[in-house]
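# Inside the fold
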Amino acid sequence: MNAFPSAPRRLAALLLLSLLAACNSETQQGKPSADAGHDDDHASSTLGRLAISEAGATALRVYDLDKQAVAQSFTLAYAPSALYASPDRRYALAIQRTQDAVQIVDGGVWQEDHGDHLHDYAEAPRLLSYQINGVRPTHYETHDRLAALFMDGLVSSNSPAGVVTLSDASIAASRAEATLTLDKPMHGTAEPRGEYLLTTYRAPDNTDTLPSQVELYRRQGNSYQFVQRFDPPCPGLHGSYSNAKYSAFGCSDGVLLIHQDGANFTASKLANPADIGTGVRIGTITGHHEQARFVGIASPGHLFEIDPDKATITRINWATGRTQRGVAFDRHGEQLLVLDDQGSVHVLDSAAAWAKRSSLSVIASMPTASPFPSLAISQSDDLAYLADPAGRQIAVIDIAQASLRAPLPLNFSPMGLTWLGIAHHDH
């Protein structure tokens, strides 16, 4: 015998189907995408988005790589001097250095861990009302889902330097994770390491604005408390990067290494190699969280491997007679992409003593002066994107195949570039 008469039973079935359909319907406004609900091996199907700026222009565009079209265009208060992604790649930070401000655009693609599954979200990009203000925001470094934005301050107004740390969660809540105000203005840098922060110190007798030592702070609520100043000097300190165990800082006479073992931090110094050349120093350091080694960049384009475990600095012979204009690791830290002054991209294998896998002629008309086109690395697949301002397009590099794909045509001249989306680390 049926529990319901036939007509009410049909009505109940229709109601149940309606409820199921409502649960499964996904909109583009804050709901999970069709890929939601996978386990830890979940790979988002989206290629992500690119935040793109033009040299000297206030427009910031968000380009949808799935639809191969500009999803949204925003007018910033000022032309950005640099463009960066937030630690989890949801937001684009448009640095406006001389205007003492950072505006933030939500790229609209992100993922949340709901415990038993991951949810992908896709929304229209939007310009946040929340922005970061500070005197001369300049160096920006990320490590382990935290970012540190260093404010240089200004000597002429006696405005001190400072640091703002950020996460995607804090940006969503329209706040910083924590802040630190230093004693003096300086052209410094900071490396976030969980509850700790490594940042720079400028001695009172320094005749320029470059720091000469590194300090350690520990987070207390929404601020930082001083822990120690490391003894090894780092004259003319410029450039830094962090991996799992070390933070490296460029000095005029070598590289300062800070090793972290839990709450214990120790410092050591690597001298410049004998073949670095007169008047040449490592002033920029890059790397990857899966790489034990760093890559140091010395003007006018020398590259060096910095190996903290072996305590060595070794030249990388990547291209005779060429000058580097951009460097980036692939998403796994295995391949190093080097853009040169003639518009070619060289793909180097980190596991084979930086042997060159390929050289690709990418940009036909390379700018001869700064700013130079940006390289952006996808964190969801093995692709790299390179702005081509003269060609009014984005070049697409297949890193795994060391080959070029069809470019993405634009109706403007791109320059700054950063990838936004859902990272997929599949090895």
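The structure we're discussing is the one just above.
Figured I'd write up the structure that's included with this text. Please read these numbers as outputs of a predicted model, since none were measured by experiment. (Residues numbered from 1 in each chain as written. Predicted model: local features only at pLDDT ≥ 70, side-chain atom pairs only at ≥ 80, totals over all residues. Heavy atoms only, no water.)

## Things to note about the overall build of the protein
- Of regular secondary structure, the protein possesses two helices and 34 strands.
- For the protein, with 427 residues in total, the buried portion stands at 53%.
- Element-wise, carbon and sulfur atoms account for 49% of the exposed surface of the protein, whose accessible area totals about 18,800 Å². (Helix = DSSP H or I, 4+ residues; strand = E, 2+ residues; numbered from the N terminus. Buried < 20%, exposed > 50% of the residue type's maximum accessible area, 1.4 Å probe, protein only. Areas by Shrake-Rupley, 256 points an atom, 1.4 Å probe, with all protein chains shown as cover.)

## Some words on the packing of aromatic side chains
- Evaluated as defined, the whole model comprises six aromatic pairs.
- Seen in terms of ring centroids, Trp110 and Tyr121 are 4.9 Å apart; in terms of plane orientation they differ by 5 degrees. Their pairing is stacked. Taken together, the positions of Trp110 in strand E7 (residues 109–113) and Tyr121 in strand E8 (residues 118–122) put the pair eleven residues apart, joining distant regions of the chain. Note on accessibility: Trp110 and Tyr121 belong to one class, buried.
- Measuring from centroid to centroid gives 5.6 Å for Tyr217 and Phe226, while their planes differ by 80 degrees, and the two rings are edge-to-face.
- Take Tyr217: its relative accessible area is 8%, and that puts it in the buried class.
- By relative accessible area, Phe226 is classed as partly exposed at 44%.
- We note Arg90 situated over the ring of Trp110; from NZ or CZ to the ring centre the distance is 3.5 Å. (Phe/Tyr/Trp six-rings, centres within 6.5 Å; stacked < 30°, edge-to-face > 60°. Lys NZ or Arg CZ within 6 Å of the ring centre and 35° of its normal.)

## What to know about the nonpolar core
- Counting 16 residues, the largest nonpolar core has Leu337, Val345, Val362 and Leu386 as the members making the most contacts within it.
- Those residues in contact with Val362 that lie beyond four places of it in its chain are Gly343, Ser344, Val345, Leu386, Asp388, Ala395, Ile397 and Leu404. (Core = buried A, V, L, I, M, F, W, Y, C linked by side-chain atoms within 4.5 Å. Contact = heavy atoms within 4.5 Å.)

## A closer look at the environment of Thr209
- By the element assignment, Thr209 lies in the loop between strand E15 (196–201) and strand E16 (213–220).
- Placed 25 residues apart in sequence, Thr209 and Lys184 show a C-alpha to C-alpha distance of 9.1 Å.
- Not counting residues within four places of it along the chain, the set of residues in contact with Thr209 comprises Val155, Met186, His187 and Arg202.

## Structural notes on the pattern of salt bridges
- This model, assessed by the stated rule, comprises 17 salt bridges.
- Put simply, Arg49 and Asp64 hold a salt bridge, and the shortest N to O gap is 3.8 Å. Residue Arg49 is found in strand E1 (residues 49–53), and its partner Asp64 is found in strand E2 (residues 59–64); the two are separated by 15 residues along the sequence.
- Of the residues examined, Arg49 reaches a relative accessible area of 8% and is grouped as buried.
- Assessed through its relative accessible area of 6%, Asp64 is described here as buried.
- In this structure, Lys245 engages Asp309 in a salt bridge whose closest nitrogen and oxygen atoms are separated by 3.2 Å. In this pair, Lys245 is assigned in the loop between strand E18 (240–242) and strand E19 (246–251) and Asp309 in the loop between strand E24 (302–307) and strand E25 (312–316), connecting sequence segments 64 residues apart.
- Using a relative accessible area of 39% as the deciding quantity, one classes Lys245 as partly exposed.
- Overall, the relative accessible area of 46% leaves Asp309 in the partly exposed class. (Salt bridge = Lys/Arg side-chain N within 4 Å of Asp/Glu carboxyl O.)

## Digging into the sheet that holds strand E5 (residues 91–96)
- Strand order across the open sheet formed by four strands is E4-E5-E6-E9, with antiparallel pairing between neighbours. Two strands lie at the open edges of the sheet, namely strand E4 (82–85) and strand E9 (126–133), each paired on one side alone. Ignoring strand direction, the axes of neighbouring strands in this sheet form an average angle of 25 degrees.
- In the sheet, strand E6 (residues 101–106) pairs with E9 via five bridges, with the strands oriented antiparallel. (Pairing = 2+ DSSP bridges. Axes fitted to C-alpha atoms, helices over the stretch in contact; angles between N-to-C directions.)

## Regarding the side chain of Thr189
- By the element assignment, Thr189 lies in the loop between strand E13 (178–181) and strand E14 (190–193).
- A distance of 2.6 Å separates the side chain of Thr189 from the side chain of Ser240, its partner in a polar contact.
- In contact with Thr189, not counting residues within four places along its chain, are His139, Glu141, Phe150, Leu198, Thr199, Thr200, Leu237, Ser240 and Phe249. (Polar contact = N/O pair within 3.5 Å; in protein donor to acceptor, adjacent residues only side chain to side chain.)

## Structural notes on the pairing of E4
- By the alternation rule, side chains of E4 split into Leu83 and Ala85, which are all buried, and Ala82 and Tyr84, of which none is buried.
- In the sheet, E4 pairs with E5 via four bridges, with the strands oriented antiparallel. Bridging across to E5, Leu83 finds its partner in Ala94.
- Connecting E4 to the antiparallel partner E5 that follows it, the hairpin turn spans five residues, and Arg89 within it adopts a positive phi of roughly 75 degrees.

## Quick word on the environment of Ser380
- Position of Ser380 relative to the elements: it lies in the loop between strand E30 (375–377) and strand E31 (383–388).
- When the C-alpha positions of Ser380 and Ile422 are compared, they lie 6.3 Å apart, and in sequence the two are 42 residues distant.
- Excluding residues within four positions of it along the chain, Ser380 makes contact with Thr46, Leu47, Arg331, Trp419, Ile422 and His424.

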